[in-house]
Amino acid sequence: MVVLVSVIKLQHSMRPAELALFQTPRSRPQMAMATKIPARMPPSLVARSLSSASSLAEKLPKAPSPAPLAIDLSDTQRLFASVPTASLLHSLANLSAMAAGPLVDVGVAALRAALASEVQILRAAAIGVARATVHRHFCAGEGFEDAGRAVTEMWEEQGLRSILDYGMEDAEDSAACDRNLAGFLRTVEMASSLPPSSASVCVKITAICPISLLERVSDLLRWEQQDPTLQLPWKTNSIPVLCDSSPLYLTRSAPDPLTEMEESDLRLASQRLSKICERCTEANIPLLIDAEYTSVQPAIDYFTYAAAVQFNHGDHPIVFGTIQAYLRDSKKRMVNAVQAAEREGVSLGVKLVRGAYITRETKLASSLGAPSPIHPSIQETHNCFNSCASFMLEKVRRGSGAVVLATHNVRSGQIAAEKATELGIGRVDRKLQFAQLMGMADGLTYGLRNAGFQVSKYVPFGPVEQVMPYLLRRAEENRGLLCTSTVERQLIRKEIFRRLAAAVAWTT
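Only a predicted model underlies this, so the values are computations on that prediction, with no experimental measurement involved.

(A) Representation of unusual backbone geometry within the structure. One non-glycine residue, Asn284, lies in positive phi territory at about 55 degrees. Residue position: Asn284 is located in the loop between helix H12 (260-283) and strand S3 (287-289). Classification of Asn284 as partly exposed rests on a relative accessible area of 45%.

And the structure:
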């Protein structure tokens, strides 16, 4: 009885559009046409009628069968078959809370203030709340062993890969860079001990090179784009990182050359990245380099392409760069880089995302009196992502490069899956992967997995105090993403309702 009451309450609390997801065709109101049939019909007339209908049916062209969808999210029983009900309820509660924008803003502000407080009781309480909520939902634990267990479980129980992210914020000096390097190397070592092909690793260049130096290098690269005669003696590769439509306004006058100390620090940062790449190459583990904000992105791309030239020599790239489709210049920069890499015999790996720094980029451009580098509408960002994905899929089909399509957008996932199927790209091909954040878009993840594609979860981990700055920043920047998780919440509600209904039917 309690279960039945719960089902009824859940049903009555839903909006009509949501309720329609839960109804079966038999349960929906059916339109019936009343037809008067004579009580008695002559046998000869019945025979002639049946014969005519049969002849007519043979002459009519058969309606074409609808093309099957590359991914199917309608069968939630199959979609969430590997997910316990308790996990579904926990996810629904978290996603519902995070979909409330004002609640997210208040929660982020309160956690930030408490973590910065010198009052130990208040700080401990904030860490406890964070551990039980956002850290539990979006992270794979606090230590390397926790993360290893989570990756193994996802691989063995759900057939999902993982992209391991040892949560670290920006480094301010060389000492911080060296500490972060040790964490990244240990992450690679841990990934190499896991089941083969179950994990890749991501790295933040801002964690192994001081921010101030990245800004200086980015300024010089932007000025070189404006003045090709500029000589950069430290530059080691020719793969372009900028194009004519890039936000060059960030550098409005000729920057000073790097000092000897800055060039030395640049070499040290390059050596740190090379150590990580060497370990990944030895263990055959892909390395995904995160994108960040436009003020330092040229330097990040410079490091990325230099590493790709050095380490991407086989059919399967080790080093992947990241393209943010919400930037106006993203498609042209990606095409230029891929084509330049092909000319040098380098197989370029690309992770394609929409982007996560909208607020920061808009404020920075506005403060400089310049137009935002971001597409003016979300639809233009969607179009750019889909166009970039199509370009990379064509390259994969020709055997050039590899792509990780990191998206929470169901339509983009469907388009890419259909394109891959149309091109005949093997679904077990490591050169094509889809990815979503841990704790987000699980329905799309399982739908792509069920369709046979390689799918990964982006898995942050680390102590709460260390990861919280990252999580708070992601919550602020991804506020819109959290608020648009409607499809995911509807799918989870549908499956919970189905399980409740099945439980009621079983008990009656």
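After that view of the structure, there is still more to cover.
(B) Local environment of the nonpolar core. One finds Leu164, Ile205, Trp234, Leu273, Ile276, Met334 and Leu432 to be the most contacted residues of the largest nonpolar core, which totals 141 residues. Among residues more than four places away in sequence, those in contact with Leu164 are Ala147, Val151, Thr187, Met190, Ala191, Leu194, Ala199, Ser200, Val201, Cys202, Val459 and Phe461.

(C) Here's a closer look at the side chain of Gln297. Residue position: Gln297 is located in helix H13 (residues 297-311). Once residues lying within four places of it in the same chain are set aside, the contact partners of Gln297 are Ser218, Ala291, Glu292, Thr322 and Gln324.

(D) Spotlight on the packing of aromatic side chains. As enumerated under the stated definition, the model contains eight aromatic pairs in all. Here the aromatic rings of Phe80 and Tyr446 are separated by 5.9 Å at their centres, their planes lie at 85 degrees, and the arrangement is edge-to-face. Taken together, the positions of Phe80 in the loop between helix H4 (76-79) and helix H5 (85-98) and Tyr446 in helix H18 (residues 442-450) put the pair 366 residues apart, joining distant regions of the chain. Comparing Phe80 with Tyr446 shows no difference in burial state: the two are buried. Centroid distance Tyr293 to Tyr357: 5.5 Å. Interplanar angle 85 degrees. Geometry classified as edge-to-face. With Tyr293 in the loop between S3 and H13 and Tyr357 in the loop between strand S5 (349-353) and helix H15 (358-367), the pair connects residues that are 64 residues apart, well separated along the chain. By relative accessible area, which is 5% here, Tyr293 ends up buried. Just above the ring of Tyr293 sits the side chain of Arg360; from NZ or CZ to the centre is 3.6 Å.

(E) View of the pairing of strand S1 (residues 161-166). In terms of residue burial, S1 counts as a mostly covered element, since six of its six residues are buried. The alternating pattern of S1 places Arg161, Ile163 and Asp165 on one face and Ser162, Leu164 and Tyr166 on the opposite face, and all of these are buried. The pairing of S1 with strand S2 (residues 199-203) spans three bridges and is parallel. Of the residues in S2, the one forming a bridge with Ser162 is Ala199. Following the chain from S1 across helix H10 (residues 174-192) to the adjacent parallel S2, one finds a crossover that is right-handed.

(F) Geometry of helix H6 (residues 101-116). Its 16 residues give H6 an end-to-end C-alpha distance of 23 Å, which sits within 8% of 22 Å, the value for a rise of 1.5 Å per residue. Of the positions making up H6, those classed as buried are Gly101, Val104, Val108, Leu111, Ala114 and Leu115. Looking straight down H6, one finds its buried side chains confined to an arc of 165 degrees; they lie on one side. Exposed and facing more than 90 degrees away from the buried side of H6 are Pro102, Val106 and Ala113.

(G) Representation of the sheet that holds S2 in the model. Pairing within the closed barrel is parallel, and its eight strands lie in the order S1-S2-S3-S4-S5-S6-S7-S8. For this sheet, the mean inter-axis angle between neighbouring strands, taken without regard to orientation, is 30 degrees. Relative to strand S8 (residues 455-461), strand S7 (residues 432-437) runs parallel, the two being bridged by four bridges. Its bridge partner being in S8, Phe434 is matched across the sheet by Val455. Running at roughly 150 degrees to strand S4 (residues 319-324), H13 makes contact with S3 and S4 of the sheet.

(H) Geometry of empty space enclosed by the protein. All told, the structure shown has three cavities of 30 Å³ or more when counted by the stated rule. Empty space within the largest cavity amounts to approximately 90 Å³. Of all the elements, H13 adds the most residues to the lining of the largest cavity, at three residues. Among the residues making up the lining of the largest cavity, the classes are represented as five nonpolar, three polar and four charged. Taken together, Asp301, Tyr305, Gly321, Thr322, Ile323, Met334, Ala337, Val338, Leu348, Gly349 and Val350 make up the full set of residues lining the second largest cavity.

Analysis parameters
- Residues numbered from 1 in each chain as written.
- Predicted model: local features only at pLDDT ≥ 70, side-chain atom pairs only at ≥ 80, totals over all residues.
- Heavy atoms only, no water.
- Helix = DSSP H or I, 4+ residues; strand = E, 2+ residues; numbered from the N terminus.
- Buried < 20%, exposed > 50% of the residue type's maximum accessible area, 1.4 Å probe, protein only.
- Core = buried A, V, L, I, M, F, W, Y, C linked by side-chain atoms within 4.5 Å.
- Contact = heavy atoms within 4.5 Å.
- Phe/Tyr/Trp six-rings, centres within 6.5 Å; stacked < 30°, edge-to-face > 60°.
- Lys NZ or Arg CZ within 6 Å of the ring centre and 35° of its normal.
- Pairing = 2+ DSSP bridges.
- Right-handed = clockwise from strand over helix to strand, strands pointing away.
- Expected span 1.5 Å × (residues − 1).
- Arc of directions from axis to C-beta.
- Axes fitted to C-alpha atoms, helices over the stretch in contact; angles between N-to-C directions.
- 1 Å grid on protein atoms, 1.4 Å probe; cavity = no way out; pocket = protein on both sides within 12 Å on 5 of 7 lines; lining within 4 Å.
- Points joined across faces, edges and corners; volume = space filled by probe spheres on them.
- Nonpolar A, V, L, I, M, F, W, Y, C, P; charged D, E, K, R; others polar.

So, to be careful, I would describe these as geometric facts and stop short of saying anything about function.
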